[in-house]
Amino acid sequence: QSGTHVPVLVIGTGYGGSVAALRLAQAGVDVQMVEMGMAWDTPGADGKIFANTTNPDARSYWLRTKTKQPLSNFLGFPIDRDIPRYTGILDAEEFAGIIVYQGRGVGGGSLVNGGMAVTPKRENFGAILPTVNADEMYNTYYPRANAELGVGLVDPAWFDTVDCYQYARVGRKQAQRSGFPFVFVPDVYDWDYMKQEAAGTVPKSAVAGEILYGNNYGKKSLQKTYIPKLMATGRVTISPLHKVTSVSPASGGGYTVLIDQLNTTGDVTTTKSVTADRVFFAAGSVGTSKLLTMLKATGKLPNLSNEIGKGWGDNGNVMVGRANWWWDATGAVQASIPCGGIDNWAAGGAFAEVAPLPTGIETYASFYLSITKNPNRAEFSWNPTTSKVDLSWQTAWKQPSIDMAKTIFDKINATEATIYRTDLFGVNKTWGDHLTYHPLGGAVLNRATDNYGRLLGYPGLYAIDGSLIPGNTSVNPFVTITALAERNIEKIIATDL
Ligand code: FAD
């Protein structure tokens, strides 16, 4: 409602925003959440809320007329197809040197991600968030995040026998034959449900290949955890298809927030103005960084720190496929939820997930998403000519990631006498070095903010999402984003309200 005054406005409904809203509401504060994406609570013509990965449609992409699939080719042929422009669930946001994939909708990245819920090894934490007390994180906030998110592990005995994880067993065997430790990776997928999917007793989701464009059944996205819990407080309102475009000090105190209401083709139908005593930026690393960089440069929030926009990293993401011999078939049916990885972080700077290639046919391919210790960091800046925010990342900056991933896969190829696939990311292209799923940084903790996410220069403004983390978490990031948000909001509620 335009003209309204609210105590707290939260921009974004991903992990950071959901934690903030829940804890504030439990403390008795009324919260307005604003989300640019859709609610994703209504089935389409096919009776399903979300589209399948193998058959993308309008629901699949954020305001595109052609799909932008992470694996653009198969056997050398481009596989992207035309779709109607729609406020779909997956945004492939293109900057000059990198495509950043992000979730759009109530639940943010939890709607589209693989659900891999990994707590970093404690010995690596000092490099991830150097100014955060590790004892507090590992004793209190990581356990709290894991419990709220519903993190669980695949049953190893079931894993050993089921068809849909043959690809992961091949990945394990080959890792071990080359002397690398294979580890099970926890996930928020409902593992009991997956057993029933595999047995054919319930509608299939992961076993039918659903992942990038949402899971219709088994995944415990935020829609099944934090969001129902925060709605049950009765103190939180969520406005989907509303995009925040400006935050600036209000004359009577607090902040004026300008919000565009969108229709499902992305046009602005109304612009609203709301006043808020406090504003939490939880628009994700890219969303929060873009807003803050723009607001600082255009004079709306000129006193923000010069650290705004800096310290952005890609979590070292790089993808690769390997071609196996015929005796190492990876299976026509592959569960879309990865459950294992190859840990060569300490020796080679790479942690590689054994990822599915859910094409529905036998490909004899092994596919991996590696998280690497890539040291490169980029910066967001305001471009007055285009009135857009640019990101300085360059494609060549992925080379350290490729080198680190090669510490694993060159060795496996040597042991197995196999080669890399060159048909998945283009014609004759081995490495998927054009993208990230794990944007991190841009409003780094204890640099652009204080040590709890309070934005320097403006009391009552906070960052509480992946933008706080300086570029790398050594594993998949959302458990760390959630745990850090739990830590910060506890402090903010205790001292600022
Ligand atoms: P987000 O979850 O990105 O939420 C931000 C929200 O803010 C979004 O809903 C967005 O639409 C909204 N927003 C942005 N700008 C505005 C605005 N101006 N106004 C209103 N709303 C706005 N991580 C893991 O740990 N494990 C995985 O297995 C994994 N797999 C992934 C797979 C894919 C395909 C992708 C894309 C990501 C994956 N990730 C994974 C990453 C993980 O999802 C993100 O790190 C996480 O969602 C970030 O949380 P966040 O709270 O920072 O922001």
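On a predicted model such as this, the values are computed, not experimentally measured, just so you know.

Caption draft 1: Focus on the pairing of strand β15 (residues 365-372). Where burial is concerned, most of β15 is hidden: eight out of the eight residues are buried. Residues A365, F367, L369 and I371 line one face of β15 and the alternating positions S366, Y368, S370 and T372 line the opposite face, and both faces are buried. Examined bridge by bridge, strand β12 (residues 318-323) and β15 share six bridges and lie antiparallel to one another. Looking across to β15, one finds that G321 is bridged to F367. Summarising the sheet, strand β14 (residues 350-355) and β15 pair through six bridges and their orientation is antiparallel.

Caption draft 2: Region of interest: the environment of R81. The topology assignment puts R81 in the loop between β4 (77-78) and β5 (90-94). Between the C-alpha atom of R81 and that of N476, which follows or precedes it by 395 residues, the distance is 29 Å. Aside from chain neighbours lying at most four places away, what touches R81 is T54, N55, P56, T65, K66 and T67.

Caption draft 3: Summary view of the packing of aromatic side chains. With the rule as written, the count across this model stands at 25 aromatic pairs. Aromatic side chains W325 and W327 sit 5.4 Å apart centroid to centroid with 10° between the ring planes, which places their arrangement in the stacked category. Exposure remark for W325: the relative accessible area of 38% places this residue in the partly exposed category. Here a set of aromatic residues connected by ring pairs shows up, and it is made of W158, F159, Y165, Y167, F182, F184 and W191. Here the basic side chain of K411 rests over the ring of F180, its NZ or CZ set 5.3 Å away from the ring centre.

Caption draft 4: Examining the environment of D267 more closely. Structurally, the position occupied by D267 is in the loop between β10 (255-262) and β11 (268-281). Residue D267 is classed as partly exposed on the basis of its relative accessible area of 41%. C-alpha separation for the pair D267 and T87, spaced 180 residues apart in sequence, amounts to 9.8 Å. Setting aside residues no more than four positions away along its own chain, D267 makes contact with Q261 and L262.

Caption draft 5: Highlighting the sheet that holds β5. Reading across the sheet, the three strands line up as β5-β6-β20 and stay open at both edges, with mixed pairing between neighbours. The sheet is open, and its two edges are formed by β5 and β20 (435-436), each paired on a single side.

Caption draft 6: Broad picture of the nonpolar core. Residues L9, V247, V279, F280 and F281 are the most contacted members of the largest nonpolar core, which totals 83 residues. By residue number, the principal contributor to this core is helix α11 (residues 478-496), which donates eight residues. Beyond its immediate stretch of four places on either side in the chain, L9 contacts Q32, V34, V257, I259, V274, A276, R278, V279 and F280. V162, A168, F182 and A206 belong to the second largest nonpolar core, which has 36 residues in total.

Caption draft 7: Representation of the pattern of salt bridges in the model. A complete count under the given rule lists 24 salt bridges for this structure. Ionic pairing is found between K195 and D155, a salt bridge with its closest N-O pair at 2.8 Å. Taken together, the residues K195 in helix α6 (residues 191-199) and D155 in the loop between α3 (134-149) and α4 (156-159) connect sequence positions 40 residues apart. For K195, a relative accessible area of 29% puts it in the partly exposed group. Residue class for D155 comes out partly exposed when judged on its relative accessible area of 29%. Across the pair D410 and K406 runs a salt bridge whose closest N-O atoms are separated by 3.5 Å. Here the residue D410 and the residue K406 both occupy positions in helix α10 (residues 399-416), the gap between them amounting to four residues, near one helical turn. The network of salt bridges with common partners includes R23, E148, K229 and E486.

Caption draft 8: Seen up close, the packing of helix α1 (residues 15-26) against α11. Look at α1 against α11: their axes get within 9 Å of each other, and the N-to-C directions meet at 30°. Once α1 is placed against α11, the crossing between them reads as right-handed. Side by side, α1 and α11 meet where Y15, G16, V19, A20, R23 and L24 of the first sit next to F478, I481, T482, A485, E486, I489 and I493 of the second. Considered class by class, the residues forming the contact of α1 with α11 number nine nonpolar, two polar and two charged.

Caption draft 9: A look at the side chain of E93. Structurally, the position occupied by E93 is in strand β5. Taking relative accessible area as the criterion, E93 reaches 12% and is therefore assigned buried. Among the polar contacts listed, one links the side chain of E93 to the side chain of Q102, at a separation of 2.9 Å.

Caption draft 10: Quick peek at a nonpolar patch on the surface. The grouping of W325, W326, W327 and Y364 at the surface amounts to a nonpolar patch, some 520 Å² of accessible area in total. Examined against the element boundaries, W327 turns out to sit in the loop between β12 and β13 (340-344).

Caption draft 11: Representation of the site of the ligand within the structure. Around the ligand, a shell composed of 37 residues is seen, among which E35, G109, M116, G466 and F478 lie nearest. Within the contact set of the ligand, an oxygen atom lies 3.2 Å away from a backbone nitrogen or oxygen of P477. Going through the elements one at a time, α1, β6 (99-103), β9 (242-249), α8 (284-297) and α11 are the ones with two or more residues in the shell around the ligand. Grouping the amino acids of the shell around the ligand by side-chain chemistry returns 16 nonpolar, 17 polar and four charged.

Caption draft 12: Region of the structure containing unusual backbone geometry. Even without being glycine, N315 reaches a positive phi, approximately 55°. Along the chain, N315 turns up in the loop between α8 and β12. At N428, a position not held by glycine, the phi torsion is positive, near 60°.

Caption draft 13: Main features of the confidence of the model for the protein. Mean pLDDT for the protein: 97, with 100% of residues reaching 70 or above. Of the two predicted TM-score estimates for the complex, the pTM is 0.98 and the ipTM is 1.00.

Caption draft 14: Here's a closer look at the environment of F125. One can find F125 in helix α2 (residues 122-128). The exposure class of F125 is buried, given its relative accessible area of 1%. Once the C-alpha coordinates of F125 and T473 are considered, the two residues, 348 residues apart in sequence, prove to be 7.9 Å apart. Every residue in contact with F125, bar those within four places of it in the chain, is listed here: V132, A134, M137, Y138 and Y142.

Rules and cut-offs
Residues numbered from 1 in each chain as written. Predicted model: local features only at pLDDT ≥ 70, side-chain atom pairs only at ≥ 80, totals over all residues. Heavy atoms only, no water. Buried < 20%, exposed > 50% of the residue type's maximum accessible area, 1.4 Å probe, protein only. Helix = DSSP H or I, 4+ residues; strand = E, 2+ residues; numbered from the N terminus. Pairing = 2+ DSSP bridges. Contact = heavy atoms within 4.5 Å. Phe/Tyr/Trp six-rings, centres within 6.5 Å; stacked < 30°, edge-to-face > 60°. Lys NZ or Arg CZ within 6 Å of the ring centre and 35° of its normal. Core = buried A, V, L, I, M, F, W, Y, C linked by side-chain atoms within 4.5 Å. Salt bridge = Lys/Arg side-chain N within 4 Å of Asp/Glu carboxyl O. Axes fitted to C-alpha atoms, helices over the stretch in contact; angles between N-to-C directions. Left-handed = near helix turned anticlockwise from the far one by under 90°. Nonpolar A, V, L, I, M, F, W, Y, C, P; charged D, E, K, R; others polar. Polar contact = N/O pair within 3.5 Å; in protein donor to acceptor, adjacent residues only side chain to side chain. Patch = residues over 30% accessible without salt bridge, like charges linked within 9 Å, V, L, I, M, F, W, Y side chains within 5 Å. Areas by Shrake-Rupley, 256 points an atom, 1.4 Å probe, with all protein chains shown as cover. Near = heavy atom within 4 Å. pLDDT = per-residue confidence, 0-100.

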